[in-house]
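# Commentary on secondary and tertiary structure
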Amino acid sequence: PCPTETLFAGKRLPLLDGDAHRDRKSFVMAAFTREALASYVPTMQRLVAESIAQWSTMGEVRLFDEFKKLAIETIAATMLGLSRGPLLDRVPADYDLVGGGFANLPLPLPGPAFTKAEPAPARLLTCCATSIREHPGAPGDGRPPLFPPARAEARAGTHARAREAAPPAPAA
């Protein structure tokens, strides 16, 4: 596959054209309806309040790093139902690896950023697949909603489209 496809872990939305792009985009856009966005607000407010409380107890804080971590945690919580913890801890580092891979030549040598980035999309997809498998988004379970289009498929026992739509790279 082309280097971009490698870092996107396959043909993701930015790499599709025509009907495939339109179908995938309509699936993904279901997570951004007015109703879906409104459902994310309580989780977002909680995460922001928790982060501010944590930052206030720390000494000097690098806000860029903390905001990036908060953004990833918020996306993971609202789209995948992931909470802070071991499964989520590796995600920011993998996103950094993938981003660095895009900015470098795809040389098959040990050491270059692209080579270091190659395994990261698989780990990110595993994180997404684990969440989809373990969190079908049962109403009233106290957890944030799973990526809305995937929730229905999870209840039905089919996850293929949810895995295809999962974002293994920042722009996917």
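Everything quoted here is computed from the prediction, not taken from an experiment.

Turning our attention to the overall build of the chain. Within the chain, the regular secondary structure consists of 10 helices and zero strands. From first element to last, N terminus to C terminus, the chain shows the α and β order α-α-α-α-α-α-α-α-α-α. Here the chain, with 172 residues, has 37% of them falling under the buried criterion. Pairs at least 24 residues apart make up 60% of the contacts formed inside the chain by residues separated by at least 6 positions.

Chain-level statistics for the chain give a pLDDT mean of 78 and a share of 76% at 70 or above. For the stretch residues 138-145, pLDDT sits under 50, and the model shows 15 contacts to residues farther than four places along the chain or on other chains.

Glancing now at a nonpolar patch on the surface. On the surface, Met29, Phe32 and Leu37 cluster together into a nonpolar patch covering about 270 Å² of accessible area. When you line up the elements, Leu37 lands in helix α3 (residues 34-57).

Attention now moves to the nonpolar core. Counting 19 residues, the largest nonpolar core has Leu82, Leu88 and Val91 as the members making the most contacts within it. Residue assignment for this core shows that the elements contributing at least two residues are α3, α4 (63-80), α6 (91-102), α7 (113-117) and α8 (120-134). Not counting chain neighbours up to four residues away, the residues in contact with Val91 comprise Ile72, Leu124 and Cys127.

Turning to the environment of Leu15, a few remarks are in order. Of note, Leu15 is situated in the loop between α1 (3-7) and α2 (18-29). As a C-alpha pair, Leu15 and Glu5 span 10 residues in sequence and 7.5 Å in three-dimensional space. With near-sequence residues (within four places) excluded, Leu15 lies in contact with Thr4, Glu5, Phe8 and Gly10.

Turning our attention to the packing of aromatic side chains. Enumeration according to the criterion identifies two aromatic pairs in this entry. Here Phe8 and Phe102 contribute two aromatic rings whose centre-to-centre distance is 5.3 Å and whose plane-to-plane angle is 55°, an arrangement assigned as tilted. Of the two residues, Phe8 sits in the loop between α1 and α2 while Phe102 sits in helix α6, which places them 94 residues apart along the sequence. On the basis of relative accessible area, Phe8 is assigned to the buried category, the value being 6%. Ring centres 5.5 Å apart and planes at 70° place the aromatic pair Trp55 and Phe67 in the edge-to-face group.

Attention now moves to α3. One turn of the α-helix equals 3.6 residues, which is why residues spaced by three or four share an orientation. The end-to-end C-alpha separation of α3 is 35 Å, in line with the 34 Å expected for 24 residues at 1.5 Å each. Every buried residue of α3 is accounted for by Ala36, Tyr40, Thr43, Leu47, Ser51 and Trp55.

Calculation notes
- Residues numbered from 1 in each chain as written.
- Predicted model: local features only at pLDDT ≥ 70, side-chain atom pairs only at ≥ 80, totals over all residues.
- Heavy atoms only, no water.
- Helix = DSSP H or I, 4+ residues; strand = E, 2+ residues; numbered from the N terminus.
- Buried < 20%, exposed > 50% of the residue type's maximum accessible area, 1.4 Å probe, protein only.
- Contact = heavy atoms within 4.5 Å.
- pLDDT = per-residue confidence, 0-100.
- Patch = residues over 30% accessible without salt bridge, like charges linked within 9 Å, V, L, I, M, F, W, Y side chains within 5 Å.
- Areas by Shrake-Rupley, 256 points an atom, 1.4 Å probe, with all protein chains shown as cover.
- Salt bridge = Lys/Arg side-chain N within 4 Å of Asp/Glu carboxyl O.
- Core = buried A, V, L, I, M, F, W, Y, C linked by side-chain atoms within 4.5 Å.
- Phe/Tyr/Trp six-rings, centres within 6.5 Å; stacked < 30°, edge-to-face > 60°.
- Expected span 1.5 Å × (residues − 1).

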